[in-house]
Amino acid sequence: MAAPMELSCWGGDWGLPSLHPESLTVMAYAKFSGAPLTVNTINKSWRTPKGDLPVLVSEDIVISQPAKILNFLRKQKYNADYDLSAKQGADTLAYIALLEEKLRPALLHTFWIESENYCSVTKPWFASRIAFPLSLYLPGKMSREALNRILLTKGGPPLYSLTEVEAQIYRDAKECLNLLSKRLGTSQFFFGDTPTTLDAFVFGFLAPIYKVCFPRVHLQEHLKQLPNLCRFCDDILTCYFRLTVSDPALIVSLQMDDNLRKSPQHPPRKLTTLKLAAGGEESSPMSRLSP
């Protein structure tokens, strides 16, 4: 008998099983490959290795990071890519690299850097799922980490100003969405009628952009102009997760989150310099890369 496998990840909202792109990627792959995961949505992320989620535990094995978790599942014979050719396998790696380079910075910016989104949605949502007093610290830490990641990958020459960095981030993201839309075409999934690793990664990146109700929706507006990508997300949610807003627990969750979003929020302190956020700083990084 195979050892039980337990996945710990951030929970969901807005009809999504998780708001966390990495958690969504692993959850989708498990559904596609038939891996029998027990999914636990947890709030105590500081107890996981390095505070990272998702985390897969199987007996005495503990694995974090989606790529490593997916490799482990493949070794357990849960392989969603079994029928792919060598060329399709190479294409999978290329498109995942494209997502990481072109789309992730804009996704991070949308959730963690864009001031209005962070103050009214991201910060209260995550804070409501973390025990006090860490709820006062962890969202800010996650925001600073997102800022640092963006600056390390996009903040060098010739992009010296904040507006230039932001403009380039969203140009790259829209270009990536257009390429994904063209590649998907009229197919149900990226390699035909069966979902694979690439579908899991694309779903993990796109679904939060598509579904979360942000006040500033630079990327969501563009995504909704690409109906095949929207249909792709809807089909996976309907066929593999069967989540609807009619679920009583989800309705209560949405109502609670609406109350949090309407609560007063302190505006970020305006900064004019472009620099990495120190690990221990408490200043808000959103204002460093906000319009």
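Residues numbered from 1 in each chain as written. Predicted model: local features only at pLDDT ≥ 70, side-chain atom pairs only at ≥ 80, totals over all residues. Heavy atoms only, no water.

## Describing helix H3 (residues 86-113)
The condition that has to hold: The secondary structure listing takes helices from DSSP runs of H or I that are at least 4 residues long and strands from runs of E that are at least 2 residues long, numbered from the N terminus. One fewer than the residue count of a helix, multiplied by 1.5 Å, yields its expected span. The term bend refers to the angle at a residue between two fitted axes, each drawn through seven residues, those ending there and those starting there.
With 28 residues, H3 should cover 40 Å at 1.5 Å per step; its first-to-last C-alpha distance of 39 Å lies within 8% of that length. Remark: the principal bend of H3, roughly 45°, maps to Leu 103, with a proline, Pro 105, within the next four residues.

## Structural notes on helix H5 (residues 138-154)
Applicable threshold: When a residue's accessible area, from a 1.4 Å probe over protein chains only, is under 20% of the maximum for its type it is buried; when over 50% it is exposed; and in between it is partly exposed. Working rule for contacts: check all heavy atoms of both residues, and any pair within 4.5 Å makes them a contact.
Its 17 residues give H5 an end-to-end C-alpha distance of 24 Å, which sits within 8% of 24 Å, the value for a rise of 1.5 Å per residue. Of all 17 residues that make up H5, 12 are buried, and the element is covered over most of its length. Among the residues making up H5, those that are buried are Leu 138, Pro 139, Gly 140, Met 142, Ser 143, Arg 144, Ala 146, Leu 147, Asn 148, Ile 150, Leu 151 and Lys 154. The inward-facing, buried residues of H5 abut H3, helix H4 (115-127) and helix H6 (162-184).

## Some words on the environment of Gly 34
Relative to the helices and strands, Gly 34 is located in the loop between helix H1 (21-33) and strand S2 (37-41). On the basis of relative accessibility, which here comes to 47%, the residue Gly 34 falls in the partly exposed class. C-alpha separation for the pair Gly 34 and Tyr 78, spaced 44 residues apart in sequence, amounts to 6.5 Å.

## Topic: the confidence of the model for the protein
For the record, the criterion: What pLDDT expresses is the predictor's confidence in each residue, scored from 0 to 100.
The pLDDT averaged across the protein works out to 82; a share of 78% of its residues lies at or above 70. Considering each helix and strand of the protein separately, the mean pLDDT is smallest for helix H10 (residues 248-262), with a value of 39, and largest for helix H7 (residues 197-211), with 97.

## Details of the sheet that holds strand S4 (residues 61-64)
The condition is simple: Any two strands with at least two DSSP bridges between them are considered paired. Axis lines are fitted through C-alpha atoms, for helices just across the contact stretch, and the angle between N-to-C directions can take any value from 0 to 180 degrees.
Strand order in this open sheet of 4 strands is S2-S1-S3-S4, and the pairing throughout is mixed. Of all strands in the sheet, those bounded by a partner on one side alone are S2 and S4. If you compare each strand with its neighbour and ignore which way they point, the axes differ by 20° on average. Pairing of strand S3 (residues 55-58) with S4 involves 4 bridges; the strand directions are antiparallel. Across the sheet, residue Leu 56 finds its bridge partner in S4, namely Ile 63. Against the sheet, H1 touches strand S1 (5-9) and S2, its axis set at about 150° to S1. Strands in contact with helix H2 (residues 66-75) are S1, S2, S3 and S4; relative to S4, the strand with the most contacts, it is inclined by about 135°.

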